[in-house]
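# Report on the structure
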Amino acid sequence: MRALQKTKQPFSFFTESVVDLNAVNFWLQKFNPLWSSNQALGKVVQKEMAAADMVSLTLQVNRHFKFGQAGQHHPVFITVDGVRYERTYSLTQLDRQHVLLSAKKVTAGKASTWLAEQAKAGDIIEFGLPFGEMAVPAQNGPLVLLAAGSGITPMFSLLKALSKTDQMRTQPVQLLYWVKHHEDAAFKVHFERLAELHENFTFKIFYTQGAEADARLNQAHASQIADLAGSTVYACGPAGFAAKAEELFAQSAQAFQSEAFSMNLAPVDDIGFVNVTLAKSKKVVSIPKGQSILVSLEQQNIKPEHGCRMGICNKCVCKKSEGTTRNLVNGAQHAEPGNLLKLCVNSAQTDLIIDL
Ligand code: FES
């Protein structure tokens, strides 16, 4: 007996090519801008300033949108003047249909400037799949959240998720948050409300610039944390902040996780050029020492796959067979052959052979 062959669905031919998908999406979005056969889309429904330099957009998302876990990041695709940019933001789930996207305006930053100055109700934004390791910890031990600048966004998301569960009743949670000026502190009212509702939650904001500036993250802050050895510590901020947090907490806390959204400047001895052999494409290119390998390759018109450009999503990882690299976030050097290399957050110190 012959097995019955499965027949194709009437519209399956539409899904067999990108061109057809684009056409289907075009016509669907004539009826409703959130409709799509495959894209995760969000429609701006509200816009407000979370701080002097941080905008918060509330977006209604469609059925293709994956919420992921609180504290994770989403690729966000924004088209400005006909150019499509991919950026990474930590979103906060508000309910089953809405998320909050908060972005700090970066000088000369195309995407963040568009979000802060031009985005308006009704605009549509496309999203990728969520990624990142900084999620609500499974165990109920003390949780310490360290944030600087826009590093507050994943912490806000974690706190929002925790406050919806019973975990906040029993789990001590402490937030330490550094900003330059009073007007830069985002979500302050929300944190105050949270502290009123949950006696286990405490927070302190440090203002690092102005007449009576508070100290930046240092040993004294670490010493004041009760039961550090039993705590999970998360840190998010610029590279210098993440590196300092790692120095202070990586060994002394029970668990430590950090994310940086910028890179340290290369040391002054990182000058000159090195050769990078791309084993798969059989090419050798000369790139500057001390600069992100991903950026250097892009400048040579080589376009490795990538996502966040912050060392979080792992999309740019490739195998290194030979050579020494320096991590641009924490300064660590790696000379061992055969390890996996994140092209976006590493620079070449010597000639390299990589599997690209
Ligand atoms: S692009 Fe995300 S880790 Fe490199």
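Residues numbered from 1 in each chain as written. Predicted model: local features only at pLDDT ≥ 70, side-chain atom pairs only at ≥ 80, totals over all residues.

### Quick notes on the overall build of the protein chain
Stated formally: Working definition: helices are DSSP H or I runs of at least four residues, strands are E runs of at least two. Numbering for both runs from the N terminus. Radius of gyration here uses only the C-alpha atoms, and the compact-globule reference equals 2.2 Å multiplied by the residue count raised to the power 0.38. The exposure label follows from counting other C-beta atoms within 10 Å of a residue's C-beta, where the C-beta atoms are placed from the backbone and the thresholds are 20 or more for buried and 12 or fewer for exposed, leaving partly exposed in between. Throughout, a residue-residue contact means that the two C-beta atoms, derived from backbone geometry, are no farther apart than 7 Å.
Check the secondary structure of the protein chain and you find eight helices and 20 strands. In summary, the protein chain has a C-alpha radius of gyration of 23 Å against a globular reference of 21 Å for 356 residues, a match within 12%. Dimensions of the protein chain along its principal axes, counting C-alpha atoms only, are 70 × 50 × 50 Å. Expressed as a percentage of the 356 residues in the protein chain, the buried residues total 38%. Within the protein chain, counting contacts between residues at least 6 apart in sequence, those at least 24 apart form 62% of the total.

### As for the pairing of strand β8 (residues 143-148)
Consecutive side chains along a regular strand alternate between the two faces of the sheet. Quick note on the threshold: Strand pairing is assigned whenever DSSP identifies at least 2 bridges connecting the two strands.
In terms of burial, β8 is a largely internal element, six of the six residues being buried. Note: β8 against strand β11 (residues 232-237), five bridges, orientation parallel. Note that in β11 the partner of alanine 147 across the bridge is cysteine 236.

### With respect to the pairing of strand β9 (residues 173-179)
With six of seven residues buried, β9 is to be regarded as a mostly interior element. Bridge analysis of β8 against β9 gives six bridges, and the strand direction is parallel. Looking across to β9, one finds that leucine 146 is bridged to leucine 176. As defined by bridge partners, β9 adjoins strand β10 (residues 201-207) across seven bridges and the pair is classed as parallel. Across the sheet, residue leucine 176 finds its bridge partner in β10, namely lysine 204.

### Quick look at helix α2 (residues 110-118)
The test is simple: It is the directions from the helix axis to the C-beta atoms that the arc portrays.
Those residues of α2 not exposed but buried are Ala111, Ser112, Trp114 and Leu115. Looking straight down α2, one finds that the buried residues subtend no more than 160° of arc, so they occupy a single side. Exposed positions of α2 whose direction lies more than 90 degrees from the buried face are Glu117 and Gln118. Buried residues in α2 make contact with β2 (54-61), β3 (74-80), β4 (83-89) and β6 (98-104).

### A few points about the domain arrangement of the protein chain
Where interface size is given, it is often the accessible area lost as the parts come together that is meant. Operational definition: Domain limits in this description derive from either an automatic procedure or a database domain assignment.
Looking at the protein chain, the domain boundaries give domain 1 (30-127), domain 2 (143-260) and domain 3 (273-354). The interface is formed by six residues belonging to domain 2 together with five residues belonging to domain 3. For the side of domain 2 that touches domain 3, the secondary structure elements donating two or more residues are α7 (239-249) and β12 (255-260). The dominant element in the side of domain 2 that touches domain 3, judged by the number of residues it contributes, is α7, at four residues.

### Side note on helix α3 (residues 152-163)
The condition that has to hold: What a helix is expected to span follows from its residue count: subtract one and scale by 1.5 Å.
With 12 residues, α3 extends 16 Å from end C-alpha to end C-alpha; this agrees with the ideal 16 Å at 1.5 Å per step. Among all positions in α3, only Ile152, Thr153, Pro154, Met155, Phe156, Ser157, Leu158, Leu159 and Leu162 are buried.

### Some details on the sheet that holds strand β17 (residues 333-334)
Strand order in the open sheet formed by three strands is β17-β16-β19, and the pairing between neighbours is antiparallel. Each edge of the sheet is formed by a strand with only one pairing partner; in this case those strands are β17 and β19 (346-348).

### Re unusual backbone geometry
The phi angle at alanine 108 is positive, at roughly 65°, despite the residue not being glycine. Here alanine 108 shows up in the loop between β6 and α2.

### Things to note about the nonpolar core
General note: in soluble globular proteins, nonpolar side chains tend to be found buried as a group. Rules: Definition of nonpolar core: a set of buried Ala, Val, Leu, Ile, Met, Phe, Trp, Tyr and Cys residues joined via C-beta atoms within 7 Å.
By size, the foremost hydrophobic cluster in this structure holds 88 residues, and its most contacted members are Leu145, Leu146 and Met155. Here this core gets seven residues from one element, more than from any other, and that element is α7. For methionine 155, the residues in contact, after removing those within four places along its chain, are Leu145, Ala147, Leu175 and Cys236.

### Observations regarding the sheet that holds strand β20 (residues 352-354)
How we decide: Where helices are involved, their axes are fitted lines through C-alpha atoms of the stretch in contact, as for all axes, and angles between N-to-C directions lie from 0 to 180°.
Read across the sheet, five strands follow the order β14-β13-β20-β15-β18 without closing on themselves; strand pairing throughout is mixed. Edge positions in the sheet fall to β14 (283-288) and β18 (340-342), since each has one partner strand and no second. Across the sheet, the mean angle separating the axes of adjacent strands is 40° when strand polarity is ignored. Pairing of strand β13 (residues 273-278) with β14 involves six bridges; the strand directions are antiparallel. Bridged to leucine 278 within β14 is lysine 283.

### Describing the environment of serine 102
By the element assignment, serine 102 lies in strand β6. With 15 residues separating them along the chain, serine 102 and glutamate 117 place their C-alpha atoms 13 Å apart. Sequence-distant contacts of serine 102, that is, excluding residues within four places in its chain, are made with Ala50, Met54, Ser56, Thr153 and Ala186.

### Re the environment of alanine 335
Here alanine 335 is to be found in the loop between β17 and β18. Expressed as a C-alpha distance, the spacing of alanine 335 and lysine 320, which sit 15 residues apart in the sequence, is 9.6 Å.

### Thoughts on the confidence of the model for the protein chain
Threshold: Note: pLDDT gives the predictor's confidence per residue, expressed from 0 to 100.
Mean pLDDT for the protein chain: 90, with 94% of residues reaching 70 or above. Every residue in residues 1-11 scores below 50 in pLDDT, and together they form zero contacts with partners more than four places removed in sequence or on other chains.

### Quick word on the environment of arginine 63
Counting through the fold element by element, arginine 63 comes out in the loop between β2 and β3. On the neighbour-count criterion, arginine 63 (10 C-beta atoms within 10 Å) is exposed. In this structure the C-alpha to C-alpha distance between arginine 63 and serine 223, which are 160 residues apart in sequence, comes to 46 Å.

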